[in-house]
Amino acid sequence: MHFDHSEKAFAQASELMPGGVNSPVRAFQSVGGTPLFIDHAQGDKVMDIDGNTFIDYVCSWGPGILGHAHPQVIQAVQKACSQGLTFGAPTQKESELAQLVQQAYPAVEKLRLVSSGTEACMSAIRAARGYTHRDYIIKCIGCYHGHSDGLLVKAGSGLLTQAVANSDGVPEGYTKTTLLAPYNDEKAIQQLFERYPHQIAALIIEPVAANMGVVPPKPGYLQFLRKITQSYDTVLIFDEVITGFRLALGGASQYYGIQPDLATFGKIIGGGMPLAAYGGKKEIMDVIAPIGSVYQAGTLSGNPIATTAGIETLKILMADPDIYERIDQKTKQLAQAYRKKGYTVNQVGSLMSVFFTNQEVVDYQSAKTSDTQAFANYFHTLLDHGIYVAPSQFEAMFISDAHDQKDIQKTIQIIQEYV
């Protein structure tokens with residue numbers, strides 16, 4: 001394959017944008033080489049500006065559960081565009097989408113539409129603090145909840161201490177009320193609640209971690225979190241930006257049979273458009289302005305184009321519930337092919353990660369044992385054979401309904417012969 005046009009485009013972009021990209025992982029820094037500049041996409045394929053075609057397992061980092069350019073979604077969006085892009089005023093589409101979310105996710109009694117997962121998680125935490133009148137939150141090491149100041153943190157000198165920022169530009173004060181514990185570690189969570197029994201407003205968790213690679217919860221872990229947060233009158237927030245509407249129509253909540261107090265959504269809820277949401281118990285959501293004292297706003301929140309894409313996507317998923325069984329089986333086929341080659345694989349539904357380590361990956365520490373150079377070699381081997389996966393060891397593979405058996409089998413053949 002040739003990448004001359006992408007190389008020229010990246011050189012130009014690097015003069016115009018930091019690192020040549022508008023989101024860091026796109027820059028290929030962890031794997032080397034030049035990022036693909038995509039021209040168009042259809043089904044399970046992306047086509048770059050050099051004319052190369054790739055089977056796509058990035059799926060725009062999750063939204064593409066139906067594949068790219070689904071005709072029903074595109075047609076509805078085109079019609080909506082012809083009627084105006086944004087009004088800064090209410091539309092009935094906002095309520096229609098909210099009703100679909102409520103139908104799929106019963107824990108959401110009320111919700112607020114926003115424009116990004118970062119915004120949703122930040123706002124959910126603010127709501128939890130306003131509701132409980134407490135300041136501290138707990139997050140797990142390796143879970144990513146967006147780039148807001150209080151969540152962009154790493155462990156301090158001890159795992160059971162306040163966090164410190166892992167980005168320049170974040171004042172120390174923003175992270176003082178963020179407490180960290182390893183993912184899947186019940187004892188660490190218990191100790192934090194014992195140390196701060198009346199100060200913790202919320203515990204936010206990716207119910208299936210997908211930002212240190214895919215790491216499933218250990219049996220009983222989510223049940224433990226539900227029980228201990230109830231014991232301490234703490235708000236349990238499920239960050240379902242990735243898992244929402246992907247593991248099941250009702251996300252990880254349905255998949256594991258646990259209802260959080262609040263949940264955040266992104267990716268699939270917007271059908272490929274910039275859209276996200278947070279919602280949950282009525283009494284918590286009613287602290288949000290204009291009826292409550294917790295302020296949050298957004299000019300483009302719930303805009304008619306994004307809500308149209310989300311409505312059509314959720315309608316398709318609701319009309320065809322067998323989609324989840326189909327994409328799960330495809331993902332299992334891929335996972336089995338990797339395991340036959342001796343790789344460590346974590347898979348939950350249509351989420352999967354291949355780790356270049358001999359250890360079982362159960363948390364951030366074990367994920368970090370992966371050989372990132374081996375991953376980079378693997379990434380470029382797949383790319384050279386027309387398969388596009390996330391350019392980072394610590395991201396997920398996403399399988400869509402558009403991936404047909406021909407492309408699944410082609411991928412398996414390349415794994416067996418070249419990887």
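Just above, that's the structure.
We now examine the pattern of salt bridges. Within this structure, the stated rule accounts for 11 salt bridges. Asp320 is the partner of Arg326 in a salt bridge, and the nearest nitrogen-oxygen pair spans 2.6 Å. Relative accessible area serves as the criterion here: at 31%, Arg326 is assigned to the partly exposed category. Note that Asp401 and Lys330 form a salt bridge whose closest N and O atoms lie 3.9 Å from each other. Residue Asp401 is located in the loop between strand 16 (397-398) and helix 14 (405-417), and its partner Lys330 is located in helix 11 (residues 323-340); the two are separated by 71 residues in the primary sequence.

We now examine the sheet that holds strand 3 (residues 53-56). Reading across the sheet, the 4 strands line up as 1-2-3-15 and stay open at both edges, with mixed pairing between neighbours. Among the strands making up the open sheet, the edge pair consists of strand 1 (38-42) and strand 15 (387-388). Bridge count between strand 2 (residues 45-48) and strand 3: 3 bridges; the pairing is antiparallel. Among the inter-strand pairings, Lys45 is bridged to a residue of strand 3, identified as Ile55.

Let us look at the packing of helix 2 (residues 71-81) against helix 10 (residues 304-319). Where helix 2 meets helix 10, the closest approach of the two axes is 9 Å, and the angle between their N-to-C directions is 155°. In terms of their interaxial angle, helix 2 and helix 10 are classed as roughly antiparallel. Like other packed secondary-structure pairs, helix 2 and helix 10 cross with a definite hand, here right-handed. Each of Gln72, Val73, Ala76, Val77, Ala80 and Cys81 in helix 2 lies in contact with helix 10, whose residues at this interface are Pro304, Ile305, Thr308, Ala309, Glu312, Thr313 and Ile316. Of the residues assigned to the contact of helix 2 with helix 10, the class counts are 9 nonpolar, 3 polar and 1 charged.

Here we come to helix 14. Here helix 14 is 13 residues long and its end C-alpha atoms lie 18 Å apart, about the 18 Å a rise of 1.5 Å per residue gives. By the burial criterion, the buried members of helix 14 are Asp407, Ile408, Thr411, Ile412, Ile414 and Ile415. An end-on view of helix 14 places all buried positions within 160° of arc, on one side of the element.

What follows covers the pairing of strand 11 (residues 262-265). On strand 11, burial covers both faces: Leu262 and Thr264 on one face and Ala263 and Phe265 on the other are all buried. With 4 bridges joining them, strand 10 (residues 235-240) and strand 11 adopt parallel strand pairing. Directly across from Asp239, in strand 11, lies its bridge partner Thr264. At this point the chain moves from strand 10, through helix 8 (residues 251-256), to the parallel strand 11, and the crossover so formed is right-handed. When strand 11 meets strand 12 (residues 276-280), the two strands line up antiparallel, connected through 4 bridges.

Conventions used here
Residues numbered from 1 in each chain as written. Predicted model: local features only at pLDDT ≥ 70, side-chain atom pairs only at ≥ 80, totals over all residues. Heavy atoms only, no water. Salt bridge = Lys/Arg side-chain N within 4 Å of Asp/Glu carboxyl O. Buried < 20%, exposed > 50% of the residue type's maximum accessible area, 1.4 Å probe, protein only. Helix = DSSP H or I, 4+ residues; strand = E, 2+ residues; numbered from the N terminus. Pairing = 2+ DSSP bridges. Axes fitted to C-alpha atoms, helices over the stretch in contact; angles between N-to-C directions. Parallel < 35°, antiparallel > 145°, perpendicular 65-115°, else oblique. Left-handed = near helix turned anticlockwise from the far one by under 90°. Contact = heavy atoms within 4.5 Å. Nonpolar A, V, L, I, M, F, W, Y, C, P; charged D, E, K, R; others polar. Expected span 1.5 Å × (residues − 1). Arc of directions from axis to C-beta. Right-handed = clockwise from strand over helix to strand, strands pointing away.

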